[in-house]
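# Topology and contacts: notes
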Amino acid sequence: MTPGGARRSPSRRDAARASRAETVRRLAGPSPGLVPAPVPPSVSRLPAAAAGPTAALPVRGGPGLALVTAAVGRHRRLMAAGIGAGLLWTATKLAAPLLVAHTVDAGVLGDDSGQLWLGVALFAGLAVVGAGFAGLRRYYGQCLAYVVEADLRDRLLARVVRLPAAFHDRHPSGVLVARATTDLQQAQQPVINIPIMVSNLVMLVGTAILLARIDPVLTMVAMAPAVAVFAVAVRLTRRLGPRALDLQSELGVLASTVEESIAGVRTTKGLGTEDDERRRVRDQAGQVQRAALRLNSVRATYLPLAELLPAFGLVGVLWIGGLRVADGALTVGELVQFSYFGLLIVGPLRIAGMTASQLKRAVVSAGLVAAILDEEQEPIAARAAAGTRAGSTADPGAETTAGGTAGTTAGASGSTAGTAARTATTGTTGTARAAARRTVPATAPVSATAGPGGGLEVRFEGVTFGYAPGRQVLRELDLVVPAGECVAVVGATGSGKSTLGALVPRFYDVGAGRVCVGGRDVRDWSLADLRAQLGVGFEDAFLFSGTVRDNLRFGAPEADDEQLRAAVRLAGAQDVVAGRPGGYDALVGERGLGLSGGQRQRLALARTLVADPPVLLLDSPTSAVDPAKEAEIVASLATVVRGRTTILVAHRPAVIGLADRVVLLEGGRVAATGTHEDLLESSPRYRQVLVAHSGDLDDPDADPDPGPGAPAGRGALAMS
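Residues numbered from 1 in each chain as written. Predicted model: local features only at pLDDT ≥ 70, side-chain atom pairs only at ≥ 80, totals over all residues. Heavy atoms only, no water.

### Focus on a nonpolar patch on the surface
Going by this rule: Patch membership needs two things, relative accessible area over 30% and no salt bridge, and members are linked within 9 Å if like-charged or within 5 Å if nonpolar (Val, Leu, Ile, Met, Phe, Trp, Tyr). Note on areas: Shrake-Rupley, 1.4 Å probe, and residue coverage restricted to the protein chains presented here. Whenever Lys or Arg places a side-chain nitrogen within 4 Å of a carboxyl oxygen from Asp or Glu, that contact is recorded as a salt bridge. Counting from the N terminus, the helices are the DSSP runs of H or I reaching at least four residues and the strands are the DSSP runs of E reaching at least two. Throughout this description, buried means an accessible area under 20% of the type-specific maximum (1.4 Å probe, protein chains only), exposed means over 50%, and partly exposed covers the range between.
Judged by side-chain polarity, Val108, Leu109 and Val332 come together as a nonpolar surface patch covering roughly 260 Å² of accessible area. With respect to the element layout, Leu109 can be found in helix H5 (residues 76-109). You can call Leu109 exposed: its relative accessible area is 53%.

Written out as structure tokens, the structure is:
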């Protein structure tokens, strides 16, 4: 509502919706490293919003075909079983016309009732046996397809959680969900038909051989449609490629739009924009519908030819074959046999056209998945370079990406069973992480390894970093956090506070300079060892579906109940657990939406503390709690940070007061450092930042005007 009580004009809302849709579509668009492919006029004439995401993506799908082929090759037994059943089915089909020809000539025309009844009985038996093999062919084909789909999904999700944070910044979660669901479902469709395609090919070859022995000329008439159908299939796949890619891209955008709409339903209700959101989803669904219609228009043009051409072949067989029977060149039984074989090849030829259509869309979908699998993942192992100390080499398979990246990706599962499975499968890795926390690799310099309380030194040396070329967030920053010291990082929005914390666990790598933990460049640690030393707490607390206990143990599955209770007590979350039926076994709901923001933040803080890491990186740990609860958490944190290296991104004086030292960031550099009291007296800019963020600084010298270019209030801290 505007101040005058009137809502914004529809044109502005439509423009806002179009802008949001275009942003999501652009993010879902071409991945780096993909080879541009030409777009046919039918696609290039589309509006930019529809054609944009597909214009630079590959349509030939070579990587997609290679991906599916390799996945199928890992399950040769299932494939062999399906093909074997298909070949036996083909044998029954090829035997039937031969049996019919003999029965007609000997039993019907020869007036031999014994041969007639024998032929009928054998034909019935062949039909029953063939039906059984047809069922086995389909069963093994489906088993193979589902196993391949599951394998590819496992590979995709394993890759997604290991991709760097920069990748997730560029790709909406809904698009990644679409890649793991609709694209993989499309990719596995032709796999079901592998036994069918092989058996149909053998049937065509066998039919040609058997017919050629009887009448080569009539054989050419009967088999001519096969060549025509093959030409139609080639033309069909060429025209389907861009349209299939367009459809799969639009489906990814739709998934992202729906995911965002559902996740933001409370905001939608609060602003009264339900109709606007419905129109936004409907508009994107319309894009999908139009892309699907463009795809189906091509299929509707070519697939009838795959139905029609075999019929022409059968007509030719009946016409020319009838003339040859009249001339005595063929028997009636042989003509019936030719006609039967003509009917047999109609099905395979029709299926060939449908399979060509299906295969092209599958290859395109698999190509989109292959593009993600080709993305460079985080460097799991320690950097191996001349003169560089190699860190301990934990098993890469035992390393789990920490922080918001894993949270964003795993959030799509949203089920209690999923959380239980995560807990079960991370038990071994949790033990490994615990061992890594207890023992710092021996290659770290002893003088810089640990402080009196077990913390590790964190050092930033000439660090320069930006999320995009030419847009630096940190500029030649130097900062040392001695082992066991608690440092509060303060600054205006955009000054680089949270970025500083994101560089320590290597969510991003520096552009210049280096970040050291325990005296070693973070690039010389393996990710498993490095992140085992760190406890990361985000302002936007994320909880998984499942129980309170599952969430607390997420980073430390080996923790016992006593450790959980101690962490909950330190985080001031006792009332959160006690206030829910079932206590630690209570379900928290998808993303913890059944809890208040402050409750989620306290449980997330407790989860960080359960791991008992030597280094804590906390981003605004009390931003979502009220002052009374903040005082309780601050009192608990005073015990937690004692002797532990801690970097606090903080705005509230109560939290800043926990720090041994305060660092003020300005323009990506350290502008001032000292105690809270020292900076209040000596730094006008420090006072301005505190007033801008909290507005409750009781200091007569503080200037309420933050100055030109400074923000008027606190912004998002996820990447400030």
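### Regarding the packing of aromatic side chains
Heads up, the rule is: Here is the rule: rings of Phe, Tyr and Trp (six-membered ring for Trp) pair when centre to centre is within 6.5 Å. Planes less than 30 degrees apart are stacked, more than 60 are edge-to-face, and the remainder are tilted. In this scheme, the term charge over a ring applies when either NZ of a lysine or CZ of an arginine sits within 6 Å of the ring centre and within 35 degrees of the ring normal.
Using the criterion set out here, one finds seven aromatic pairs in the structure. Their ring planes at 70 degrees and their centres at 5.2 Å tell us that Phe542 and Phe544 sit as a pair that is edge-to-face. The lysine or arginine in question, Arg137, covers the ring of Trp89, its NZ or CZ lying 4.1 Å from the ring centre. One residue, Arg520, lies across the ring of Trp525, its end atom 4.4 Å from the ring centre.

### What about the packing of H5 against helix H6 (residues 113-160)?
Filter applied, for reference: Axis lines are fitted through C-alpha atoms, for helices just across the contact stretch, and the angle between N-to-C directions can take any value from 0 to 180 degrees. Small angles under 35 degrees read as roughly parallel and large ones over 145 as roughly antiparallel, with 65 to 115 read as roughly perpendicular and the rest as oblique. In this scheme the handedness of a crossing depends on how the near helix is turned from the far one: anticlockwise by less than a right angle means left-handed, clockwise means right-handed. Gly falls in the polar group here, along with every residue not listed as nonpolar (Ala, Val, Leu, Ile, Met, Phe, Trp, Tyr, Cys, Pro) or charged (Asp, Glu, Lys, Arg).
For the pair H5 and H6, interaxial distance at closest approach is 8 Å and the crossing angle is 160 degrees. Judged on the interaxial angle alone, H6 and H5 are roughly antiparallel. Between H5 and H6 the crossing geometry is left-handed. Here the contact of H5 with H6 is composed, by residue class, of 24 nonpolar, nine polar and one charged.

### Things to note about helix H8 (residues 173-192)
Residue pairs spaced three or four apart in an α-helix point in one direction, given the helix's 3.6 residues per turn. This is how the line gets drawn: Each helix should span, by expectation, one fewer than its residue count multiplied by 1.5 Å. The bend reported for a residue corresponds to the angle between axes fitted to the seven residues ending at that residue and the seven starting there.
In this model H8 runs 29 Å from its N-terminal to its C-terminal C-alpha over 20 residues, within 8% of the 28 Å that 1.5 Å per residue would give. A maximum bend of about 35 degrees is found in H8 at Arg179.

### Observations regarding the sheet that holds strand E6 (residues 534-537)
So the rule is basically this: A pair of strands is treated as paired once DSSP finds two or more bridges between them.
Strand order in this open sheet of six strands is E6-E7-E8-E3-E9-E10, and the pairing throughout is mixed. Both edges of this open sheet fall to E6 and strand E10 (669-674), since each of them pairs with a single strand only. Averaged over all adjacent pairs, the angle separating strand axes in this sheet is 20 degrees, with direction ignored. The sheet contact formed by strand E9 (residues 661-666) and E10 spans five bridges and is antiparallel. Within E10, the residue paired with Glu666 across the bridge is Arg669.

### Describing helix H21 (residues 561-570)
The condition that has to hold: The arc in question is traced by the directions running from the helix axis to the C-beta atoms. Two residues qualify as a contact provided that any one of their heavy atoms is within 4.5 Å of a heavy atom in the partner residue. For the purposes of these results, a polar contact is taken to be a pair of N or O atoms within 3.5 Å, where, inside protein, one atom must be able to donate a hydrogen and its partner to accept one; residues adjacent in sequence count only when each atom of the pair is a side-chain atom.
Listed as buried for H21 are Leu564, Ala567 and Val568. For H21, the buried positions fall inside an angular range of 100 degrees around the axis, keeping them on one side. Where H21 is buried, its residues touch helix H20 (548-552), helix H22 (574-578) and helix H23 (597-610). The N-cap of H21, judged by a side-chain oxygen 3.2 Å from the amide nitrogen of Glu562 a few residues on, is Asp560.

### Quick look at the packing of helix H4 (residues 62-73) against H6
Close contact between H4 and H6 brings their axes to 9 Å; oriented N to C, the two are set at 115 degrees. The handedness of the crossing between H4 and H6 is right-handed. On H6, the residues touching Leu67, Ala71 and Val72 of H4 are Leu144, Val148, Leu152 and Arg155. Taken together, the residues of the contact of H4 with H6 break down into six nonpolar, no polar and one charged.

### A word on the pattern of salt bridges
A complete count under the given rule lists 20 salt bridges for this structure. Note that Arg549 and Asp585 form a salt bridge whose closest N and O atoms lie 2.3 Å from each other. Residue Arg549 is located in helix H20, and its partner Asp585 is located in the loop between H22 and H23; the two are separated by 36 residues in the primary sequence. Close ionic contact of Asp575 with Arg602 constitutes a salt bridge, the shortest N to O distance being 2.8 Å. A residue pair is termed long-range when its members are at least 10 positions apart, and Asp575 in helix H22 and Arg602 in helix H23 qualify at 27 residues. Take Asp575: its relative accessible area is 41%, and that puts it in the partly exposed class. It is possible to trace a salt-bridge network through shared partners that takes in Glu457, Arg459, Glu461 and Arg514.

### With respect to the confidence of the model for the chain
The condition that has to hold: Known as pLDDT, the predictor's confidence for each residue is given on a scale from 0 to 100.
Scored by pLDDT, the chain has a mean of 74; 77% of the residues are at 70 or more. Low pLDDT (under 50) marks residues 1-10, which in the prediction has eight contacts with non-local residues, meaning those over four places away or in another chain. Here residues 696-720 scores under 50 on pLDDT; set against residues more than four positions off or in separate chains, the count is 50 contacts.

### Things to note about the sheet that holds strand E1 (residues 458-468)
With antiparallel pairing, the four strands of this open sheet are ordered in space as E2-E1-E4-E5. The open sheet is flanked by strand E2 (471-481) and strand E5 (520-521), the only strands paired with a single partner. Bridging between E1 and strand E4 (residues 512-517) involves five bridges; their strand directions are antiparallel. Considered in E4, the bridge of Val458 is made with Val517.

### Describing the side chain of Asp183
Mapped onto the elements, Asp183 comes out in helix H8. In contact with Asp183, not counting residues within four places along its chain, are Ala178, Gln248, Ser365, Leu368 and Val369.

### Quick word on the pairing of strand E7 (residues 615-619)
In regular strands, side chains alternate between the two faces of the sheet. Of all the five residues making up E7, five are buried; the element is thus mostly covered by neighbouring parts of the structure. Across four bridges, E6 lies against E7 in parallel orientation. Counterpart to Val536 in the pairing with E7 is Leu617. Across five bridges, E7 lies against strand E8 (residues 645-649) in parallel orientation. Residue pairing for E8: Leu617 is matched across the bridge by Ile647.

### Re the environment of Pro653
Structurally, Pro653 is set in helix H25 (residues 653-656). The exposure class assigned to Pro653 is partly exposed, which follows from its relative accessible area of 26%. Counting along the chain gives 37 residues from Pro653 to Leu690, while the straight-line C-alpha distance between them is 7.8 Å.

### Focus: unusual backbone geometry
A positive phi angle, near 45 degrees, is found at Glu476, a position not held by glycine. Unlike most non-glycine residues, Asp612 shows phi in positive territory, near 50 degrees. Relative to the assigned elements, Asp612 resides in the loop between H23 and E7.

### Considering the nonpolar core
So the rule is basically this: To define a nonpolar core, start from buried Ala, Val, Leu, Ile, Met, Phe, Trp, Tyr and Cys residues and group those joined through side-chain atoms within 4.5 Å.
Membership of the largest hydrophobic core comes to 44 residues, with the highest contact counts inside it found for Leu603, Ile656 and Tyr686. Residue contributions to this core peak at five residues, all from H23. Setting aside its immediate chain neighbours within four residues, Leu603 contacts Leu543, Val548, Leu552, Ala573, Val576, Val577 and Leu595. Counting 30 residues, the second-largest nonpolar core is a separate cluster that includes Phe460, Leu503, Val615 and Leu617.

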